[in-house]
Amino acid sequence: MASSTDPVTNGHQSCNGEESRPAESCLVSPPQSVTSPVDPVRPAKRLRTATECVVVSNPSDPYNSSSVPIYQTATFKQTSATDMGAYDYTRSGNPTRSALETHLEKIMRCERAFATTTGMSALDAILRLARAGDEIIAGDDLYGGTNRLLTHIKTYLDITVHHVDTTNLDAVRASLNSKTKFVLLESPTNPLLKICDIPAISTMAHATCPSALVIVDNTMMSPLLMNCLELGADIEYHSGTKFLSGHHDLMAGVIGVKDAEVAKRVFFIINSIGCGLSPFDSFLLLRGMKTLALRIERQQENAIKVANVVQSLGFKVNFPSLDSHPQKELHASMAKGPGAVLSFVTGDVDKSIRIVEACKLWGISVSFGCVNSLISMPCHMSHASIPAHIRKERDLPDDLIRLCVGIEDSEDLIDDLVAAITSSNVSKEDR
């Protein structure tokens, strides 16, 4: 617990953006009257998440605009030299970002939500809660950028990182100790689509290490399909660039925190390092989230069809809707659907390359969650920063192909993919 003089938990309610101002006067959080307004027209009954995505409350707008205004400003004029208003410097707070964060709090069912510049800046802000000597338990199948950041932390910051198979409860249990600060999970994992038992790991971690925080990267599911905080996690984060935005026209990160005191510390870090999302990108993310339910419904429907076809062609497919997935039932107990990302292996790197390059509709690109379908080879793209020998140790095959399914007509997607697979049996020299 921070002391009364700790800037993380002081009682000041405004923050001058000037760097010369003492840290002790920095804003802890925007006033709740701004970030969590009471909307007199919003029904008391909790709406379903698909509806919450569309209903954006903005009762503080004096003009009752249908869309949240973009406050494209760095600073806010004050009426007093000593008594700051709700906002003074956009790094510390902005009405457009506050509206987005309030909206996220509804959808994520969290105490506080924060919007940052990227998914990696969101994770960076969370990991800054750790101190030298702490330990982190993380999976052995992780997004390449997450692995890169964890490698930096364990190399330079005297923080131990244990990479274990988080689908194995015994492996997680064996690494828990009094120094454990975080248990960092992905479920489904990226790109092998492994499933972690979030409730069981959360219960075990909290019982063994009461001060430890369970953190889940929920980007693959989005808040629409899975709520990690209700499953027992303490912090859930997302790359807002992906499903939440849905159009790959912005970069964003999202953090949802269960505990108010932890949320204050997270806000202090975000304010200190200046990674809050810009007003314009906050507006774009708000707009994108309104169609989240429609997009994911179509993407997921397409992904199921694509997974079945690829599997029928004899490939080993990783996707939690398939009966062949060893953790299908576990995933179904936590999530409302399998999502729209799948992967498969061909047994030959050159063949995988030919398949990827022969696709016409499937764009060759990193990332996922976009309305357009994407195809990639993770070991050569999104996960290339993981050294080859470590990928081999973690059973991450070089021939792996990842499909990120969009909203196109499923028959067109399947026709294009099947044609690419068929053509892959012919070498480049013969074509």
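Above this text sits the structure in question.
So, a few notes on the structure that sits alongside this text. (Residues numbered from 1 in each chain as written. Predicted model: local features only at pLDDT ≥ 70, side-chain atom pairs only at ≥ 80, totals over all residues. Heavy atoms only, no water.)

## Quick look at the overall build of the chain
Then step 1. Broken down by element type, the chain carries 15 helices and 12 strands.
Then step 2. Each of the 431 residues in the chain was classed as buried or not, and the buried ones make up 55%.
Then step 3. Considering only intrachain contacts with a sequence separation of at least 6, the fraction spanning at least 24 residues in the chain is 71%.
Then step 4. On the chain, roughly 18400 Å² of surface is accessible, and the fraction owed to carbon and sulfur atoms is 52%. (Helix = DSSP H or I, 4+ residues; strand = E, 2+ residues; numbered from the N terminus. Buried < 20%, exposed > 50% of the residue type's maximum accessible area, 1.4 Å probe, protein only. Contact = heavy atoms within 4.5 Å. Areas by Shrake-Rupley, 256 points an atom, 1.4 Å probe, with all protein chains shown as cover.)

## Concerning empty space enclosed by the protein
Then step 1. By the definition in use, this model includes 3 cavities of 30 Å³ or more.
Then step 2. Of the pockets and cavities examined, the largest cavity occupies roughly 80 Å³.
Then step 3. Around the largest cavity, the lining is made up of 12 residues, and of these Ser92, Gly93, Arg97, Glu101 and Phe267 lie nearest the centre.
Then step 4. Among the secondary structure elements, those contributing two or more residues to the lining of the largest cavity are α3 (95-108) and α9 (260-273).
Then step 5. For the lining of the largest cavity, the leading source of residues is α3, giving 3 residues.
Then step 6. The residue inventory of the lining of the largest cavity, partitioned by class, reads 4 nonpolar, 5 polar and 3 charged.
Then step 7. Of the volumes computed, that of the second largest cavity is approximately 50 Å³. (1 Å grid on protein atoms, 1.4 Å probe; cavity = no way out; pocket = protein on both sides within 12 Å on 5 of 7 lines; lining within 4 Å. Points joined across faces, edges and corners; volume = space filled by probe spheres on them. Nonpolar A, V, L, I, M, F, W, Y, C, P; charged D, E, K, R; others polar.)

## Considering the pairing of strand β7 (residues 253-257)
Then step 1. Most of β7 is tucked away, with 5 of its 5 residues classed as buried.
Then step 2. Where strand β1 (residues 112-116) meets β7, 5 bridges bridge the pair, whose relative direction is antiparallel. Looking at the pairing, phenylalanine 114 lines up with isoleucine 255 of β7.
Then step 3. In this sheet, β7 lies alongside strand β6 (residues 235-239) in antiparallel orientation, the contact comprising 5 bridges. By the bridge assignment, serine 239 is partnered in β7 with glycine 253. (Pairing = 2+ DSSP bridges.)

## Examining the nonpolar core
Taken as a class, soluble globular proteins show a tendency for nonpolar side chains to be buried jointly.
Then step 1. Counting 82 residues, the largest nonpolar core has Leu285, Trp362, Leu403 and Leu417 as the members making the most contacts within it.
Then step 2. Take this core: its biggest share by element is 7 residues, from helix α11 (residues 292-312).
Then step 3. Filtering out sequence-adjacent residues up to four positions away, leucine 403 remains in contact with Val306, Val310, Ala340, Val341, Leu342, Phe344, Trp362, Leu374, Ile375 and Leu417.
Then step 4. Counting 31 residues, the second-largest nonpolar core is a separate cluster that includes Ile126, Leu127, Ala130 and Ala138. (Core = buried A, V, L, I, M, F, W, Y, C linked by side-chain atoms within 4.5 Å.)

## Looking at the layout of surface pockets
Then step 1. Of the pockets and cavities examined, the second largest pocket occupies roughly 370 Å³.
Then step 2. Lining the second largest pocket are 22 residues; nearest its centre among them are Gly119, Met120, Tyr143, Ser239 and Lys242.
Then step 3. Secondary structure elements with two or more residues in the lining of the second largest pocket: α4 (119-127) and β6.
Then step 4. A total of 3 residues in the lining of the second largest pocket trace back to one element, the largest contributor, which is β6.

## What to know about the packing of aromatic side chains
Centre distance and the angle of the planes are the two values used to describe a pair of aromatic rings.
Then step 1. Applying the stated rule across the entire model yields 5 aromatic pairs.
Then step 2. With 6.5 Å between their ring centres and 25 degrees between their planes, phenylalanine 280 and phenylalanine 283 make a pair best called stacked. Residue phenylalanine 280 and its partner phenylalanine 283 are located together in helix α10 (residues 279-289), separated by 3 residues, close to a single helical turn.
Then step 3. Owing to a relative accessible area of 40%, phenylalanine 280 belongs among the partly exposed residues under this scheme. (Phe/Tyr/Trp six-rings, centres within 6.5 Å; stacked < 30°, edge-to-face > 60°.)

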